[in-house]
Amino acid sequence: MAGHAHDKESPSPTRPDGRPGAVAAPGPTTMTVTGAATVYAVPDEAVITFVVESDGVEPGVSMSANAAEVEKVLARLSAEGVGGAETQTANVNVYPIRTYDPKTGQESLAGYRSQNTVVVRLRGSDMQAKAGRLLSAGLEAGATGVSGPAWRLRDETQVVAEALRQAAANAKIKADSLAEAQGMRVGEVMAMREGSGDPAAGVGSRDVVYAKMAAAGVPDLPISAGTLDVAVTVTVT
């Protein structure tokens, strides 16, 4: 922002050699301020990730076993009311299992491990209650690990826009205060830069990883979506 001094009477200009004459007017004074704002929004999507691992003496054996275990998890999720459009399998991995013998200092091949990931996206007014049931159901069906739920906004456009408006207003308040303290006034905006990040989970969020649990008697986990913090900054010159 360009700052301008309040109008005051000033002596006649002189040249560098001391003689009267016109001299170049000084350029505007600039300042740079940063405004910040945080807007809170209720998430409308929850993402849960299940991991299924299976071991075997050969890669094909471990993959076959893993496919069967994944089918069990998918069937259980379907029984809990999760449709096919809400689930996705991804990140299929097969890698050797090696053991180390401290006596000989040698590694030996103990088999192979196949890993598959099942991602579930929940929406709607019942997603909080459903998320708690699914975390338990997936573990009971054979998932060896689970993370989430990760709360998200499907479309954050309006929330980010409101945060930017508030951040810009905050920057103007700072600029006006600084200019007034120096007996100046704020002029035109010369440059503006946005800084923002992904919405961060606020109160009530969950982002935990569960180790392998017993296949029976896993209780429904209490889940609360809380809010997401959409924080932005605006730097103005």
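It should be noted that the structure appears before, not after, this text.
This one's a predicted model, so the numbers in the text were calculated from it and none came from an experiment. (Residues numbered from 1 in each chain as written. Predicted model: local features only at pLDDT ≥ 70, side-chain atom pairs only at ≥ 80, totals over all residues. Heavy atoms only, no water.)

Brief notes about the overall build of the protein chain
Link 1 in the chain: The number of helices and strands found in the protein chain is 3 helices and 12 strands.
Link 2 in the chain: Counting over 237 residues, the protein chain shows a buried share of 31%.
Link 3 in the chain: Carbon and sulfur atoms make up 53% of the accessible area of the protein chain, which totals about 14,000 Å². (Helix = DSSP H or I, 4+ residues; strand = E, 2+ residues; numbered from the N terminus. Buried < 20%, exposed > 50% of the residue type's maximum accessible area, 1.4 Å probe, protein only. Areas by Shrake-Rupley, 256 points an atom, 1.4 Å probe, with all protein chains shown as cover.)

Remarks on the pattern of salt bridges
Link 1 in the chain: The tally for this structure, following the rule as stated, stands at 9 salt bridges.
Link 2 in the chain: Linking Glu45 and Arg123 is a salt bridge whose minimum nitrogen-to-oxygen distance equals 3.0 Å. Here the residue Glu45 occupies a position in strand 4 (residues 45-56), and Arg123 occupies one in strand 6 (residues 106-123), the gap between them amounting to 78 residues.
Link 3 in the chain: With relative accessibility at 6%, the residue Glu45 sits in the buried group.
Link 4 in the chain: Among the salt bridges present, the one from Arg76 reaches Glu140, with a minimum N-O distance of 2.9 Å. Of this pair, Arg76 sits in helix 1 (residues 59-79) while Glu140 sits in helix 2 (residues 127-141), and the two are 64 residues apart along the sequence.
Link 5 in the chain: On the basis of relative accessibility, which here comes to 27%, the residue Arg76 falls in the partly exposed class.
Link 6 in the chain: The network of salt bridges with common partners includes Arg76, Glu80, Arg133 and Glu140. (Salt bridge = Lys/Arg side-chain N within 4 Å of Asp/Glu carboxyl O.)

Examining the pairing of strand 4
Link 1 in the chain: Of the strand pairs in this sheet, strand 4 and strand 6 are connected by 12 bridges, and their pairing is antiparallel. Paired with Ile48 across the strands is Val120, a residue of strand 6.
Link 2 in the chain: Pairing of strand 4 with strand 7 (residues 145-152) involves 6 bridges; the strand directions are antiparallel. Residue Val51 lies in a different strand from strand 7, and its bridge partner there is Gly145. (Pairing = 2+ DSSP bridges.)

As for the nonpolar core
Link 1 in the chain: Core analysis: the largest hydrophobic core is formed by 40 residues, its most contacted members being Ile48, Phe50, Leu77, Val120, Leu122 and Leu134.
Link 2 in the chain: Secondary-structure elements contributing two or more residues to this core are strand 3 (33-41), strand 4, helix 1, strand 6, helix 2, strand 7, helix 3 (157-181) and strand 12 (228-236).
Link 3 in the chain: It is helix 3 that contributes the most residues to this core, 7 residues altogether. (Core = buried A, V, L, I, M, F, W, Y, C linked by side-chain atoms within 4.5 Å.)

Examining the packing of helix 1 against helix 2
Link 1 in the chain: Two numbers describe how helix 1 lies on helix 2: the axes approach to 8 Å, and their chain directions differ by 150 degrees. Relative to helix 2, the crossing made by helix 1 is right-handed. Within the contact between the two elements, helix 1 uses Glu69, Lys72, Val73, Arg76 and Leu77 and helix 2 uses Leu134, Ala137, Gly138, Glu140 and Ala141.
Link 2 in the chain: Residue composition of the contact of helix 1 with helix 2, grouped by class: 5 nonpolar, 1 polar and 4 charged. (Axes fitted to C-alpha atoms, helices over the stretch in contact; angles between N-to-C directions. Left-handed = near helix turned anticlockwise from the far one by under 90°. Contact = heavy atoms within 4.5 Å. Nonpolar A, V, L, I, M, F, W, Y, C, P; charged D, E, K, R; others polar.)

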